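Listed below are the residues making up each chain.
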Amino acid sequence: MRYKLAIFDWDGTIMDSIARIIAAMQCAAQEFSLQPPDASAIKNIIGFSLPVAVARLFPDHIELHTDLVDAYKRQYKLDSQPKTPLFEDVNRVLETLKARGYVLAVATGKGRPGLDRLLAETGLSSLFTVTRSSDDAQSKPSPDMLAQILAVTGIALEDAVMIGDTTIDLQMAQAINMSAIGVTFGVCTADELRPLNPIAVVDSFAELLLILT
C-alpha cells in the first residue's frame, strides 16, 4: 500500500450533497427575508464549519448568524430538499481499502450530530476507525482535524493521505504537509485543485483504488 491511513472529506467527496447544501442555505436566508446567496457563493464556503460559512455568506447580518445556523440545520433535514446519494462506487472502494489494510477516517465541516446521522443512514459507520467534525476541532483549513486523527490512530504523517473535493480540503492537508488527492465530482475543478499540489486529481471514486493500492 502507498499509505496506511486514508482520510476522507464528506460533502462532495463521499456524499453527493452539494445541491442540498445550496438549497438549504438559500431557504435559510429566505426565512429572514434576506437575499439568498447564489450557488457559486455557497459552493465557495463548503468545507468550512457552519458558523464560519454563515459569517462569510452574511457578513452584514451578524445579529442573525446564530439564527441562520439553526435555520440551515432545520432546512437541511427537510425531505423536500434535494436527495443526497453516495457517489458511485463509494461502498465498493471503501470496503476494498479496508480489506486491504487501510485505516479509514473522515474529516468534515459537518457538525457531529449530522455526521453521525448520515454515517448511520448510509451504513458506513463500521468502515471508519475515527471521524472528526466541526464540533470536534477547529474549522478547515486549520489542520486540527488531521492532527487529531493522526494522534488517535498513531499513524505517521507520511503514511496518511487526505482526499477531498475543495481547495479548503487541500489547504488543510498542505498546512500539515500531508499528501492529498483532489476529486473533481464535488465542488472544485481539476484546474482549481492542481495549484495546491495534490499527488493526484481523480474524476471518479473508483479511480482512488488505482492511486492508493
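As a starting point, this report considers the structure included with it. Every value quoted in this text rests on a predicted model; they were computed, and no experiment measured them.

So, on to the packing of aromatic side chains. Per the counting criterion, the structure on display carries four aromatic pairs. Measuring from centroid to centroid gives 5.9 Å for tyrosine 72 and tyrosine 76, while their planes differ by 40 degrees, and the two rings are tilted. Linking tyrosine 72 with tyrosine 76, this pair stays in helix α4 (residues 65-76), spanning four residues, or about one helical turn. Residue tyrosine 72 is classed as buried on the basis of its relative accessible area of 9%. On the accessibility criterion, tyrosine 76 (6% relative accessible area) is buried. Site record: aromatic cluster; members linked through ring pairs are Phe8, Phe87, Phe185 and Phe205. Directly above the ring of tyrosine 76 sits arginine 20, whose terminal nitrogen or CZ lies 5.2 Å from the centroid.

Here we come to unusual backbone geometry. Cis geometry marks the peptide bond from lysine 140 to proline 141, where omega comes out at 10 degrees. Inspection of the secondary structure assignment puts proline 141 in the loop between β3 (130-132) and α7 (144-153). With a phi close to 75 degrees, aspartate 89 is a non-glycine residue in the positive phi region. Within the fold, aspartate 89 resides in the loop between α4 and α5 (90-99).

Attention shifts here to the packing of helix α1 (residues 18-31) against α4. Packed helices, taken two at a time, are described by the angle their axes make and the gap between the axes. For the pair α1 and α4, the least separation of the axes is 8 Å and the interaxial angle reads 130 degrees. Classified by the angle their axes make, α1 and α4 are oblique. Relative to α4, the crossing made by α1 is right-handed. Along the contact surface, α1 presents Arg20, Ile21, Ala24, Met25, Cys27, Ala28, Ala29 and Glu31, while α4 presents Leu68, Ala71, Tyr72, Arg74, Gln75 and Tyr76.

We now examine the pattern of salt bridges. Inspection of the entire model under this criterion finds ten salt bridges. A salt bridge links aspartate 116 to arginine 112, with the nearest nitrogen and oxygen atoms 2.9 Å apart. Here arginine 112 and aspartate 116 lie together in helix α6 (residues 112-122), a separation of four residues that amounts to about one turn. Its relative accessible area of 35% is what places aspartate 116 among the partly exposed residues.

A few words now on the packing of helix α3 (residues 50-57) against α4. Where α3 meets α4, the closest approach of the two axes is 9 Å, and the angle between their N-to-C directions is 115 degrees. Considering only the axes of α3 and α4, their crossing is right-handed. In contact with Leu50, Pro51, Val54 and Ala55 of α3, α4 contributes His65, Leu68, Val69, Tyr72 and Lys73. Residues belonging to the contact of α3 with α4 are distributed by class as follows: seven nonpolar, one polar and one charged.

Scoring rules and cut-offs
Residues numbered from 1 in each chain as written. Predicted model: local features only at pLDDT ≥ 70, side-chain atom pairs only at ≥ 80, totals over all residues. Heavy atoms only, no water. Phe/Tyr/Trp six-rings, centres within 6.5 Å; stacked < 30°, edge-to-face > 60°. Helix = DSSP H or I, 4+ residues; strand = E, 2+ residues; numbered from the N terminus. Buried < 20%, exposed > 50% of the residue type's maximum accessible area, 1.4 Å probe, protein only. Lys NZ or Arg CZ within 6 Å of the ring centre and 35° of its normal. Axes fitted to C-alpha atoms, helices over the stretch in contact; angles between N-to-C directions. Parallel < 35°, antiparallel > 145°, perpendicular 65-115°, else oblique. Left-handed = near helix turned anticlockwise from the far one by under 90°. Contact = heavy atoms within 4.5 Å. Salt bridge = Lys/Arg side-chain N within 4 Å of Asp/Glu carboxyl O. Nonpolar A, V, L, I, M, F, W, Y, C, P; charged D, E, K, R; others polar.

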